[in-house]
Amino acid sequence: MTDVEMADGKSRVVAAVEAISGDRDKAVAWLQEPIATFGGKTPLELVAEGRTDDLLGYIQSFESGYVG
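As the structure is a computational prediction, the values presented were derived from the model and not from experiment.

The rules we used
- Residues numbered from 1 in each chain as written.
- Predicted model: local features only at pLDDT ≥ 70, side-chain atom pairs only at ≥ 80, totals over all residues.
- Heavy atoms only, no water.
- Phe/Tyr/Trp six-rings, centres within 6.5 Å; stacked < 30°, edge-to-face > 60°.
- Helix = DSSP H or I, 4+ residues; strand = E, 2+ residues; numbered from the N terminus.
- Buried < 20%, exposed > 50% of the residue type's maximum accessible area, 1.4 Å probe, protein only.
- Salt bridge = Lys/Arg side-chain N within 4 Å of Asp/Glu carboxyl O.

(A) Quick look at the packing of aromatic side chains. What the rule picks out here adds up to 2 aromatic pairs. Measuring from ring centre to ring centre gives 5.5 Å for Phe38 and Tyr58, while their planes differ by 75 degrees; the resulting arrangement is edge-to-face. With Phe38 in the loop between α2 (24-30) and α3 (43-48) and Tyr58 in helix α4 (residues 52-63), this residue pair connects regions lying 20 residues apart in the sequence. Tyr58 matches Phe38 in its accessibility class, with the two residues each being buried.

This is how it looks when you write it as structure tokens:
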């Protein structure tokens, strides 16, 4: 993954989390929190693995009321 792809993925994820939480600082901090659904990997690890779309789907599940 290139630096540009990584930056784009992080930006997309932060924007999605910020849209839900309303707090950019919390959205950025969340990038380092392990997610049980993804085997304890952090959002940054998932983005680095090229799984940004999977992560965005997970984030969108919060908006629809389903998490998992």
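(B) Here's a closer look at the pattern of salt bridges. This structure, assessed with the given rule, holds 4 salt bridges. The partner of Arg12 in a salt bridge is Asp53, with the nearest N and O atoms 2.9 Å apart. On the criterion of sequence distance, the pair formed by Arg12 in helix α1 (residues 3-21) and Asp53 in helix α4 is long-range, its members being 41 residues apart. Judged by its relative accessible area of 36%, Arg12 is partly exposed. The exposed category is assigned to Asp53, whose relative accessible area is 55%. We note a salt bridge from Asp54 to Arg51, for which the minimum N-O separation is 3.1 Å. Overall, Asp54 belongs to the partly exposed group, its relative accessible area being 41%.

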